[in-house]
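Examination of the molecular architecture
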Amino acid sequence: MKLGVLADQAAISLPSGSDAEVTGFAIDHRKIAPGTVFGAFRGARFNAEDFIPAAIEAGAVAVVARPEASVEGAIHIAEDEPRRAFARLAAKFFTPVPECIVAVTGTNGKTSTVEMTRQIWRMCGERAASIGTLGVTTPDESVSTGLTTPDIVTFLSNMSGLAREGVSHVAYEASSHGLSQYRNEGVPVRAAAFTNFSRDHLDYHKDMEDYFAAKMRLFDEVVDDGGTAIIWHGEENSEWTRRAIEHAQKRALRVLTVGERGEYIRLAARTPTQLGQDLEIEFEGETRKLRLPLIGAYQVANALVSAGLAMATGKSASQVFDAVGRLQPVRGRLERAAISASGAPIYIDYAHTPDALEAAIAALRPHVETERGGRLITVFGAGGDRDQGKREPMGRAASEHSDVVIVTDDNPRGEDPAAIRAQVLAGAGENARDIGDRRAAIAAAISEAGPHDIVLVAGKGHEQGQIIGSGENMRVLPFDDVEVARQCAAQGVQA
Ligand SMILES: CC(=O)N[C@H]1[C@@H](OP(=O)(O)OP(=O)(O)OC[C@H]2O[C@@H](n3ccc(=O)[nH]c3=O)[C@H](O)[C@@H]2O)O[C@H](CO)[C@@H](O)[C@@H]1O[C@H](C)C(=O)N[C@@H](C)C(=O)N[C@H](CCC(=O)O)C(=O)O
Ligand SMILES: Nc1ncnc2c1ncn2[C@@H]1O[C@H](COP(=O)(O)OP(=O)(O)OP(=O)(O)O)[C@@H](O)[C@H]1O
Ligand SMILES: N[C@H](CCC[C@H](N)C(=O)O)C(=O)O
Ligand SMILES: [Mg+2]
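- Looking at an unreviewed UniProt entry, one finds the protein named UDP-N-acetylmuramoyl-L-alanyl-D-glutamate--2,6-diaminopimelate ligase, with Altererythrobacter epoxidivorans as its source organism.
- In UniProt, the protein has this text filed under Sequence similarities (unreviewed entry): "Belongs to the MurCDEF family. MurE subfamily."
- The Cofactor (unreviewed entry) field of the UniProt record for the protein holds the comment "Mg(2+)".

**So, the pairing of strand S16 (residues 335-339)**
- Sheet topology places S16 next to strand S17 (residues 345-349); 4 bridges connect them, and they run antiparallel. Its bridge partner lying in S17, Ile339 is registered against Pro345.
- Connecting S16 to the antiparallel partner S17 that follows it, the hairpin turn spans 5 residues, and Gly343 within it adopts a positive phi of roughly 110°.

**Structural notes on unusual backbone geometry**
- The residue after Thr95, namely Pro96, is reached through a cis peptide bond having omega -10°.
- Counting through the fold element by element, Pro96 comes out in the loop between helix H3 (82-93) and strand S5 (100-105).
- Despite not being glycine, Asp385 has its phi angle at roughly 55°, a positive value.
- Take Asp385: it is sitting in the loop between strand S18 (376-380) and helix H12 (391-401).

**Observations regarding the environment of Ser144**
- In this structure, Ser144 sits in the loop between strand S8 (142-143) and helix H5 (152-164).
- A C-alpha to C-alpha distance of 18 Å links Ser144 and Asn411, two positions 267 residues apart in sequence.

**Re the sheet that holds strand S2 (residues 36-39)**
- With parallel pairing, the 4 strands of this open sheet are ordered in space as S1-S2-S3-S4. The outermost strands of the open sheet, each flanked by one partner alone, are strand S1 (24-26) and strand S4 (75-78). Strand-to-strand twist of the sheet, defined as the mean angle between neighbouring strand axes without regard to direction, takes the value 20°.
- As paired elements, S2 and strand S3 (residues 62-65) share 3 bridges and run parallel to each other. The partner of Phe38 across the bridge, within S3, is Val63.
- Of the strands in this sheet, S1, S2, S3 and S4 are in contact with H3, which crosses S3 at around 140°.

**Some thoughts on the site of ligand 2**
- Inspection of the region around ligand 2 gives 23 residues, with Gly109, Thr111, Ser112, Ala351 and Ala356 positioned closest.
- Secondary structure elements with two or more residues in the shell around ligand 2: helix H4 (110-123), helix H9 (297-312) and helix H11 (354-364).
- A total of 4 residues in the shell around ligand 2 trace back to one element, the largest contributor, which is H11.
- Residues that form the shell around ligand 2 fall into these classes: 7 nonpolar, 11 polar and 5 charged.

**Some words on the site of ligand 1**
- Residues in contact with ligand 1 amount to 22 residues; listed here are only the nearest, Gly43, Ala48, Asp151, Ser175 and His177.
- Residues that form the shell around ligand 1 fall into these classes: 8 nonpolar, 9 polar and 5 charged.
- Of the domains in this structure, domain 1 (3-87) and domain 2 (100-324) are the two that each give at least three residues to the shell around ligand 1.

**Description of the packing of H9 against helix H10 (residues 317-324)**
- The geometry of H9 relative to H10 is characterised by a closest axis approach of 10 Å and an angle of 150° between their N-to-C directions. In this view, H9 runs roughly antiparallel relative to H10, as classed from their interaxial angle. Where H9 crosses over H10, the handedness of that crossing is right-handed. Every residue of H10 that contacts H9 at Ala303, Ala307, Ala310 and Met311 is listed here: Ala317, Val320, Phe321 and Val324.

**Examining the domain arrangement of the protein**
- Taken as a whole, the protein is organised into domain 1 (3-87), domain 2 (100-324) and domain 3 (335-494).
- Here the C-alpha centre of domain 3 lies 46 Å away from the C-alpha centre of domain 1.

**Side note on the sheet that holds strand S21 (residues 454-458)**
- As summarised here, the arrangement of the 6 strands in space is S16-S17-S21-S18-S19-S20, forming an open sheet in which the pairing is mixed. Looking at strand neighbours, the two that pair on one side only are S16 and strand S20 (433-434), the edges of this open sheet.
- As paired elements, S17 and S21 share 4 bridges and run parallel to each other. Directly across from Ile346, in S21, lies its bridge partner Val455.
- Lying on the sheet, H11 is in contact with S17, S18 and S21; it crosses S21 at an angle near 160°.

Conventions and cut-offs
- Residues numbered from 1 in each chain as written.
- Chains lettered and ligands numbered in written order.
- Predicted model: local features only at pLDDT ≥ 70, side-chain atom pairs only at ≥ 80, totals over all residues.
- UniProt positions renumbered as here; feature names shortened; annotations may be inferred.
- Pairing = 2+ DSSP bridges.
- Helix = DSSP H or I, 4+ residues; strand = E, 2+ residues; numbered from the N terminus.
- Axes fitted to C-alpha atoms, helices over the stretch in contact; angles between N-to-C directions.
- Contact = placed C-beta atoms within 7 Å.
- Near = placed C-beta within 6 Å.
- Nonpolar A, V, L, I, M, F, W, Y, C, P; charged D, E, K, R; others polar.
- Domains from an automatic or database assignment.
- Parallel < 35°, antiparallel > 145°, perpendicular 65-115°, else oblique.
- Left-handed = near helix turned anticlockwise from the far one by under 90°.

Right under this line is the structure:
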């Protein structure tokens, strides 16, 4: 494929008289083959401009880099924001892509929402896929990628790979890291959703404003002109929600709000039942009753945002609401792993922010048999080399809303695990227990749970390992909360 053609399509100008045959795209100089376009970006650890000579030596025909970078022996596509230009250009190479693509952002609920959207589309008869923290899930398989958004080349090649497999519908998770690094864009996005906004990732973003601005790139720039914005508008009526609506309106998107204060789908009532919840919603002037086979208010939010995405992409209300009633649980999100020997259910959840912990605990609270002395026992920790400021509020959220709190390790990475736990414990208060070893912490919670109690193990959800150390010393020790909970529950039976 000719670089000139790709550049024309992407509205990117090349130095006059230059053109070349392009065979691929790479952002890592070690992945260059003859004919590759190299994106030389300045990152947190490396400045890839240092690798430009090596990339050209390996056969790069063009380099997308800042104007001040030195490029000799290949075409210099000089751009002030090289990541953005590279995404636009590479997107013209990785074609075709699935005809219907939607994206989801927000602090919590992205993975759940892309997964539920995939399920709804599938129940409507489409070949649908989702991309996010759980990996790439297609009609045929689920492949883990390690990161929510890998890198732009992997993202785009996954999209065109899915189209080749006959997938027509894709819902992808747009993380704030991905959005601020232009790692998940370039494809046409028909509709974009915003689930909620609260504290996370302030190790990476300067402050909440900076974090919000990263998320708002989805509405400001990534979604198609004339596209749809689905925005959760819950009873909490957050200022961030109002501002998200403003961003979407400013871009002249079709704005559809969903939730207790939603105008498109209004959640009028929610009644927890033993295995799920009964919902009453108002849609197009009619009241409908739905039964969601999942517990927790937060799962209603994600299910209704997913319903909005499915309808915004052409599915009929009757098909979509019928599908909502048949949603399957999302891996590691309020997943019931086992029942303890005494009869207490043990739930695994991916809550790793103060807001998410509150939501997960609130989901389980109605199921605790409080009148018979039942307690909610929460086991959780906070990740190392991540936002330190969320640890104390996480401790506070857990202790305010649970009856027993056990603080444990969750991917300490390059930090001292005991120091991380101390920061969490500072918020959790004196009654919280400190058991660093995650297996021992889960075992302690399960062995003390009585028949009317519920155990919540939060923070790792679907994860398959405990990450310890960093850089050269990083190791991932196999660890699966679901499996450990099952083993501990089974040991209880034998004892
Ligand atoms: C902080 C962060 O987000 N870093 C990501 C970012 O790295 P970076 O651009 O800073 O890269 P860098 O390592 O400094 O290197 C700069 C450039 O030099 C290139 N390079 C580097 C070395 C070399 O020998 N040759 C070479 O060409 C690299 O390919 C890169 O383009 O871009 C890389 C590839 O696109 C990512 O792998 C990397 O994710 C790291 C590993 C990470 O842990 N990220 C997490 C925090 C993350 O992004 N998580 C979010 C989810 C969060 C959530 O769900 O809440 C996600 O979307 O996955
Ligand atoms: N709509 C919601 N409101 C509040 N909390 C939620 C919501 N959805 C999910 N959560 C909480 O957040 C956790 C993570 O959910 P999910 O994986 O869907 O979010 P995510 O945005 O993809 O997270 P990440 O940023 O790690 O990728 C859940 O296990 C639950 O505790
Ligand atoms: N995508 C999130 C996941 C956090 C999950 C938790 N187990 C941790 O390691 O902190 C992050 O990278 O911040
Ligand atoms: Mg996710």
